[in-house]
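# Structure assessment
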Amino acid sequence: MSDARPDPDRLLAAIEREATEAVRGRLKIFFGACAGVGKTYAMLGAARQRLAEGVDIVIGVVDTHGRTETEALLDGLPLLPRRQLEYRGRTLAEFDLDAALARRPQVIVVDELAHNNIEGSRHRKRWQDVQELLDAGIDVWTALNVQHIESLNDIVGGITGIRVRETVPDRIFEQADEVSLVDLPPEELQARLKAGKVYLGDAAAHAADNFFRTGNLIALRELALRRTADRVDAQMRAWRADRAIEHVWATRDRFIVCIGPHGNGEALVRNAARTAGRQQAEWIALSVETPEMAGEAEARRTARMRALKLAASLGAEVCTVSAGNVAEAIARFANSRNAARLIIGNTHAAPWQRLVRRPLLDQLTAVARDLEITVVALPGLVRPPASRPTSSFRWQGYVWALVACGVTCIVAALLGSFFDPPNVVMVFLLTVVGVALRFGRGPGAFAACVSVAAFDYFFVPPRLAFSVNDTQYIFTFVLMLAVALIIGQLAAKLKFEAVTASRREHRSIQQAELSRALSGALSTEQIVEVATHRVAGMLQTRVAVLLPDAQGRMHTSGATDPALADLAVAQWVFDHERSAGRGTATLPAAAACYFPLRAPMRVRGVVAVVPQEDDALNDPDVARMLDSAFGQIAQALERVHYAEVAQDALVAMESERLRNSLLAAVSHDLRTPLTGLVGMADTLAAREGRSPEEQTMIADMRQTAHRLAALVTNLLDMARLQTGRIALRRDWCAIEEVIETATRQLGPALAQHVVRIEVAPNLPLCEFDPALIERVLANLLDNAAKYTPTGSHIDIIARIDDGMLEVCVDDDGPGLPPGATERVFGMFERGAAESSQPGVGLGLAICRAIVEAHGGTIDAGKSTAGGTRFRFRLPQGTPPSLDEEDKT
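Within every chain, residues take consecutive numbers counted from 1 along the sequence as written. Owing to the predicted nature of the model, reporting of local features is limited to residues with pLDDT of at least 70; listing and counting of side-chain atom pairs is limited to 80 or more, with chain, interface and lining totals taken over all residues. The side-chain numbers reported here are obtained from all heavy atoms of the structure, hydrogens and water having been left aside.

Read from one edge of the open sheet, five strands run β10-β9-β8-β11-β12, paired in parallel fashion. Single-partner strands in this sheet number two, and they are β10 (317-322) and β12 (372-376). Sheet twist, expressed as the mean angle between neighbouring strand axes with direction ignored, is 25°. Paired strands are those between which DSSP finds at least two bridges. Under the scheme used here, helices are H or I runs from DSSP no shorter than 4 residues and strands are E runs no shorter than 2 residues, and both carry numbers assigned from the N terminus. Examined bridge by bridge, strand β9 (residues 282-289) and β10 share six bridges and lie parallel to one another. Directly across from L286, in β10, lies its bridge partner C319. Contacts: residue pairs with any heavy atoms within 4.5 Å of one another. For helices, the fitted axis covers only the stretch in contact; all axes are lines through C-alpha atoms, and the angles between them, taken along N-to-C directions, range from 0 to 180 degrees. Seen against the sheet, helix α13 (residues 326-337) touches β8 (254-258), β9, β10 and β11 (341-345) and runs at an angle of roughly 150° to β9.

Structure below.
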């Protein structure tokens, strides 16, 4: 075991970290499983306590969600005024980052770390505001739910069926100086929800039926507890490493199963997997490579690799280390991972082997007294052949050792006339070192024995006999043999460590070259070319890269040989995000092994590797190298993908801007002559005394002029809405009057339909722009009239729902095509592309823009009669009282 001195590199890193933390603010996160557990309440309670202690603490932003007990805690706390921002015709209050930086309190409370800032703010995310506050040396307190952590977002979405879009990178949570877990049992949280202490009104009932189900709350609670425990475990391990604490602290159930060179590895792994499953413990499969294993039989190496592969498939973390002493290596590894237990197998060593070498159990108990060691009896195992090599190289080593000793005898005979026999011994020792370096431990030991025998036979009187006249030479022989054996073993060990270091250095260089090449790749084709050639060079084999098309179907890229890839297997790997093919348990008949390219957001492709041997990819070092390489390739593909998306978005935005400018200019120039044309058409239609043919022509001309004028008006309105140049003229209006005006305006279009109006009694006034909402209703009614047959019903329904004014326009027509409920609100989109109805598809886009400018929502769906329902909802607001109106 090493001494208890701290690592100098760790000490230097700790000093640099402390220097950085001295000028940077501290981040404290109040962490919980979901909304309603009391994070904000606990945070404000702690803030009141710190304020009473004389700490300069300020409330930057807190959202109480209408909870009275939380609002009561804000009384007496200094509040930072919020910044007022205009967003889609509404004035919203946001956190004022500049005011916080100018105020520079000791501590500032910034609630809802995952909040998305509105347009016009300096940063898109609130956690970026917090980062700037911390960089300015201000301590920040904030609150966060487990579903907002980026790496857990998809897991929570799979549990609850709800995918939140406001997320925080994991590094922000990990870099927090303090995390305070706020926990509440599911039963108490549901009781708070029913009492209206989490959400109000119908929102509470909706949450109880969906997100706040008991199973969801239990799973979210476990995720929050585990995430906090992982953080605490990492802090504890860093503390032990900084202070060079040798003994293990058994704070977490984690054990190591040791896979040796014997044939019982797979049975031992299965036993460890059952133990981990029963105890819900983390487990690590560890293999220690020693110099003795340099000449390991192929059958034993294959069995060991197969056991490690089985451990990985059963959920273990697989690690391989190189060391001269197995027991010390295991103890050091267990200390570094803070594992309190070891599981080893009973090796059934013969009695003479126990005399030569102490059993591993005895060595472990000597060097790791604080570890719990479990020995698993594994009787009746069929082991692979002990030492039958598959090649003749090992026997060649012994032959060359014998030849080297013979050559040394000749050289020593030539030197014997000039030097005394004790000096000639050095030549034999040099031969032993050379043999051990070249051929390993066994031939080195053999050369040591042969050298002692040759020295006695040829150079010690009486020569050409193994007898000795001077008994002092017996001591010389024993010492020579001991020195030769020690030097040979040390030389073999040095060679093993040098080869291991060289192999790892080579792999590190290859990884660095791959990373450098990928960082310079600017297109998908370049990444595929780099990946194909670099990975093939790492493994000295053939490699193919397959990528999905827009529909998720796999295809070979330009730099890939199509003969190497089986598209069916690659598609399965891409869909299931699991390895398959040769050497795996899935589709093993394939000629190649297929690996998914997992990026942070999704799988970006598949790599096909054709190994030279079935077990070539089972080596843990090779597996880790491939995982790292494939991760870099996947991230490079994702980087290029998002760069292309950003470029396409930039081009689309510029094209949209130019199109809007052109439409606005053209529409403005057309509006004046169209106004005159519409006026003349109306004048001609008003005159009498014309023939029926002339009246029909004039009516058609008038209808066409009005349609063209409406189209130009829509184009102008859309351009103004998108540029934000339309100001809302809000007023307290009755929706009944707007409905009546819209239906009267659409009288000719609705004449062939049955229109029914259903307005809830005693409907209160609502605040909106009556002209624009009338335009919304007119567009919806015109849309219903166009796409429904003559004589169909059109229903207009208005009511108050959950504090919102809800207006529905229903029809009993054919309805929208599948998948068109969201698409129809796009610009120049129509419900049916083959429709013969006139129009360019701007009406619904204008409706959405107007409704969202009011802070409302609009959607499409299926009506109760089987047709189409368009529904928009507007904030009801609070009408002014009569006293306030009298004062004004």
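Continuing now.
A separate point is the environment of S151. Relative to the helices and strands, S151 is located in the loop between β6 (139-145) and α6 (153-160). The buried label applies to any residue whose accessible area, calculated with a 1.4 Å probe on protein chains only, is under 20% of its type's maximum; exposed applies above 50%, and partly exposed to all values in between. The exposure class assigned to S151 is partly exposed, which follows from its relative accessible area of 36%. As a C-alpha pair, S151 and P600 span 449 residues in sequence and 8.7 Å in three-dimensional space. Among the polar contacts made by the side chain of S151, one reaches the side chain of D170 at a distance of 2.4 Å. We call two N or O atoms a polar contact when they sit within 3.5 Å, provided that within protein one can donate a hydrogen and the other can accept it, with sequence-adjacent residues counted only if both atoms are side-chain atoms.

On to the confidence of the model for the chain, then. Across the chain, pLDDT averages 78, with 80% of residues at or above 70. Residue-level confidence of the predictor, termed pLDDT, takes values from 0 up to 100. Within the chain, the element-level pLDDT minimum falls on helix α28 (residues 882-887), averaging 46, and the maximum on strand β5 (residues 107-110), averaging 94. Considering only residues more than four positions removed or in separate chains, one finds that residues 380-393, a stretch of pLDDT under 50, has 18 contacts. Taken together, the stretch residues 884-888 has pLDDT below 50 and engages in one contact with residues farther than four places along the chain or on a different chain.

In what follows, salt bridge is the name for a side-chain nitrogen of Lys or Arg lying within 4 Å of a carboxyl oxygen of Asp or Glu. Summed over all chains, the structure comprises 30 salt bridges. Of the charged contacts in the structure, one is a salt bridge between R227 and D170, with a shortest N-O distance of 3.8 Å. One end of the pair, R227, is in helix α10 (residues 214-242); the other, D170, is in helix α7 (residues 170-174), with 57 residues separating them in the sequence. Residue R227 shares its accessibility class with D170, and that shared class is buried. When salt bridges that share partners are traced, they join R799, D801, E806, D859, R871 and R873 into one network.

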